[in-house]
Amino acid sequence: MPEQTVLEVYRYLPDEETEPRFQSYEITYRDSWVVLDALDHIKTEIDPTLSFRWSCRMGVCGSCGMTVNGEPKLTCETFIRDYNTETIKIEPLAHFPVIRDLVINMQDFMEKLPTVSPWLITDEDKPLEAGEYLQTPAQMARYKRFSMCINCMLCYSACPVYGLNSLFTGPAALALAERYNLDSRDEGTQERSDVVTAHDGIWRCTYVGECTKVCPKDVDPAGAIQMLKLSYALDWAKSLVLPGRGR
Amino acid sequence: MTAKPDKTAPLFWLLFAGGGTASAMLLPAMVFVTGVAVPAGWVAEDDLMALIGNPLTRLVVVSLVFLFLFHWAHRFRYALVDLGFGGLGKQAWLFYGTALAGTGLAGLAALRL
Amino acid sequence: MSRELTHPLPRSWWLKRPPYFRFMMRELTSVAVFAYTPLLIWALWSAADAASFSVFYEFLRGPLSVWLHVVVLVLAVYHTGTWIALTPSVLVLWRNDEQVDPNLITGTTAMLFLSVSVGVVWLVLV
Ligand code: FES
């Protein structure tokens, strides 16, 4: 059944104006519509100047993240029917520079990801003839959850620690570090420690925990960071008792 | 981006975690004793004095003061950072120093018998 | 190069969403943990002689002390609740290649808290 609602959309056109503003669009939506459908409708039928990012429309690519009524959301899986507010407020993801309208600059995040060396690190490369690096399902289970990240940056947008200080390595990148640290085929825990245990790494996190709550893939970055703190802190304590091993 | 490990963070984090656990497990009961049981008259003055005078109790209480204070120092310091007072949060010595001084004070008080 | 807009986080960010507010309250329970330590130090110090201990004991029975204790108790219980709730995300245990149910860890910690509390009160009252 079609229904009416008003979308209050954050607008910023850098070539024409210096300040952002909100523009209201009255729309008629169907029960099956997600916020992204409504934005699409606005762009094709009402106002072609509106800009936003999207690609897969199925919660996989991670490009449609926006702030919906104050909460970071993937707009392609956020149904309009779930909001009973008079208007729905759509803003760009918080804590990132706004390029135009709902499009943010993700440069900082893109630069952070590789700093945690998110790939398998081995002390020696096996020769090709030696075959694959095998792993049991149980070994995979240890890190599987942390490997589901789609880089949508909702967690950065929910994290006030990152919002206050963008030097913080942040939830997704640190969860990815733990994903590889927990991988039975990986030997890079030590190599990652410089970045992970830096002051702007895990130790900046005060466990607000919102990253985990907003994650559309149930990755639990907050938990990953606590696990990192515990394991690196115990490593440190062991290195006191048994000097020579550890860092 | 050159990052180097924070050398002191693991120590202070372990103390924070230890103090957090100790206070989570013990503080409500302790506050109940001194804040409810004593005013209600369920604990006689002599009994309480004997309990606190016991060397084992004194050792435990000094350790708790140590853990509680280091828990506070770390958590409060980062709360100030999160409240937007990052400059104050940078003065780590202020917080851990207070915790250390308080522990020293508890140690001296415990030795006065 | 176009001009990009930044929106710095205001200091009042933690007042804007209930989960943020609960987080900040959780962090500020540490002030209660701190505030209780002078009392412990005073207890240690005064237990050396009956005269000093009487002053300490009478203070505990006075209204000021009771009110301060009420505030500290509320914060301490909140600290305990949040601490127990967060325990399973730090303590991730595996047994026979199966992850130990986080609820079991929360439950065990809660049971530990209850028995320790009963133990402390019993030690003092009996
Ligand atoms: S459009 Fe790909 S995740 Fe939403």
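Our subject is the structure listed above.
Residues numbered from 1 in each chain as written. Chains lettered and ligands numbered in written order. Predicted model: local features only at pLDDT ≥ 70, side-chain atom pairs only at ≥ 80, totals over all residues. Heavy atoms only, no water.

**Student:** For this particular structure, what's the right way to read the side chain of A:Asp186?
**Tutor:** All names here are of chain A. When you line up the elements, Asp186 lands in the loop between helix H6 (171-181) and helix H7 (189-196). In terms of polar contacts, Asp186 uses its side chain to reach the backbone amide nitrogen of Ile121, at 2.8 Å. A polar contact is formed between the side chain of Asp186 and the backbone nitrogen of Gly188, at a distance of 2.7 Å. If sequence neighbours within four positions are ignored, Asp186 has contacts with Trp119, Leu120, Ile121, Tyr180, Asn181 and Arg192. (Helix = DSSP H or I, 4+ residues; strand = E, 2+ residues; numbered from the N terminus. Polar contact = N/O pair within 3.5 Å; in protein donor to acceptor, adjacent residues only side chain to side chain. Contact = heavy atoms within 4.5 Å.)

**Student:** Got a minute to help me understand the pairing of strand E1 (residues 3-11) of chain A in this structure?
**Tutor:** Looking along a regular strand, one sees the side chains alternate between the two faces of the sheet. Residues and elements named next belong to chain A. Alignment of E1 against strand E2 (residues 21-29), held across nine bridges, turns out to be antiparallel. Each residue of the ladder has a partner; that of Tyr10, found in E2, is Phe22. For E1 and strand E5 (residues 87-91), the ladder comprises four bridges, and the chain directions are parallel. Looking across to E5, one finds that Leu7 is bridged to Ile88. (Pairing = 2+ DSSP bridges.)

**Student:** What is the right way to read the packing of H6(A) against H7(A) from this model?
**Tutor:** When two helices pack together, their arrangement is given by the angle between their axes and by how far apart the axes lie. All names here are of chain A. Running from amino to carboxyl end, H6 crosses H7 at an angle of 165°, the nearest separation of the two axes being 10 Å. By the angle class used here, H6 and H7 are roughly antiparallel. In this structure, H6 crosses over H7, and the sense of that crossing is left-handed. On H7, the residues that touch Leu174, Ala177, Tyr180 and Asn181 of H6 are Thr189, Arg192 and Val196. Class assignment of the residues belonging to the contact of H6 with H7 gives a composition of four nonpolar, two polar and one charged. (Axes fitted to C-alpha atoms, helices over the stretch in contact; angles between N-to-C directions. Parallel < 35°, antiparallel > 145°, perpendicular 65-115°, else oblique. Left-handed = near helix turned anticlockwise from the far one by under 90°. Nonpolar A, V, L, I, M, F, W, Y, C, P; charged D, E, K, R; others polar.)

**Student:** Honestly, the packing of aromatic side chains in this entry has me stumped. Any pointers?
**Tutor:** Geometry of an aromatic ring pair is reported as the spacing of the ring centres plus the angle between the planes. The final tally for this structure, using the stated rule, is 21 aromatic pairs over all chains. An angle of 10° between the planes, with centres 6.1 Å apart, marks the rings of C:Trp14 and C:Phe21 as stacked. For C:Phe21, a relative accessible area of 35% puts it in the partly exposed group. Clustering of aromatic rings is evident, with ring pairs tying together A:Phe96, A:Phe109, A:Tyr156 and A:Tyr162. Against the face of A:Tyr133 rests A:Lys126, its NZ or CZ located 4.5 Å from the ring centre. Sitting over the face of the ring of C:Trp45, B:Arg112 holds its NZ or CZ atom 4.0 Å from the ring centroid. (Phe/Tyr/Trp six-rings, centres within 6.5 Å; stacked < 30°, edge-to-face > 60°. Buried < 20%, exposed > 50% of the residue type's maximum accessible area, 1.4 Å probe, protein only. Lys NZ or Arg CZ within 6 Å of the ring centre and 35° of its normal.)

**Student:** Any chance you could explain the packing of H6(A) against helix H9 (residues 221-241) of chain A here in plain terms?
**Tutor:** All names here are of chain A. Closest axis-to-axis distance for the H6/H9 pair is 8 Å, and the angle between their directions is 55°. Taken together, the axes of H6 and H9 are oblique relative to one another. Where H6 crosses over H9, the two elements pack in a sense that is left-handed. Contact residues: Pro171, Leu174, Ala175, Glu178 and Asn181 in H6; Pro221, Ala224, Ile225, Met227, Leu228 and Tyr232 in H9. Each residue belonging to the contact of H6 with H9 can be placed in one class, and the counts come to nine nonpolar, one polar and one charged.

**Student:** Sorry if this is basic, but what is going on with the interface of chain C and chain B here?
**Tutor:** Every contact between the two is made by 54 residues of chain C and, on the other side, 54 residues of chain B. Buried area between chain C and chain B, summed over both chains or domains, comes out near 4900 Å², and the portion from carbon and sulfur atoms is 76%. Among the residues of chain C in contact with chain B, C:Leu44, C:Tyr57 and C:Trp83 are the three that bury the most area, contributing 15% of the side total. One can count two salt bridges joining chain C with chain B. Two residues, C:Asp49 and B:Arg112, come together in a salt bridge whose shortest N-O distance is 3.3 Å. Inspection of the chain C/chain B interface yields 16 residue pairs in polar contact (both at pLDDT 80 or more). Taken together, the elements giving at least two residues each to the side of chain C that touches chain B come down to helix H1 (18-46), helix H2 (50-61), helix H3 (63-90) and helix H4 (102-125) of chain C. Taken together, the residues of the side of chain C that touches chain B sort by class into 38 nonpolar, 11 polar and five charged. (Buried area = accessible area lost by both parts, 1.4 Å probe. Salt bridge = Lys/Arg side-chain N within 4 Å of Asp/Glu carboxyl O.)

**Student:** In this structure, what is going on with the sheet that holds strand E3 (residues 65-68) of chain A? I would like to understand it.
**Tutor:** The strands making up a sheet associate through hydrogen bonds between their backbones, and the pairing can be parallel or antiparallel. Residues and elements named next belong to chain A. Across the sheet, five strands lie side by side as E2-E1-E5-E3-E4; this open sheet has mixed pairing. The strands lining the two open edges of the sheet, one partner per strand, are E2 and strand E4 (71-74). Neighbour to neighbour, the strand axes of the sheet diverge by 35° on average, direction disregarded. Along the sheet face, helix H1 (residues 35-46) touches E1, E2, E3 and E5 and points at about 100° away from the line of E2.

**Student:** Help me out: how do you make sense of the interface of chain B and chain A in this one?
**Tutor:** Think of interface size as the accessible area that goes away when the parts come together; that is how it is often given. Each side of the interface is counted separately: chain B has 15 residues, and chain A has 16 residues. Both faces considered, chain B and chain A share a buried interface measuring about 1600 Å² in area, 71% of it formed by carbon and sulfur atoms. Counting the surface chain B buries against chain A, the share from its top three residues, B:Trp13, B:Tyr78 and B:Asp82, is 34%. Applying the counting criterion to the chain B and chain A interface returns zero salt bridges. Taken together, the connections running from chain B to chain A amount to three residue pairs in polar contact (both at pLDDT 80 or more). Looking at the side of chain B that touches chain A, the elements with two or more residues in it are helix H1 (9-37) and helix H3 (55-82) of chain B. When residues in the side of chain B that touches chain A are grouped by element, the largest group, five residues, is from H1(B).

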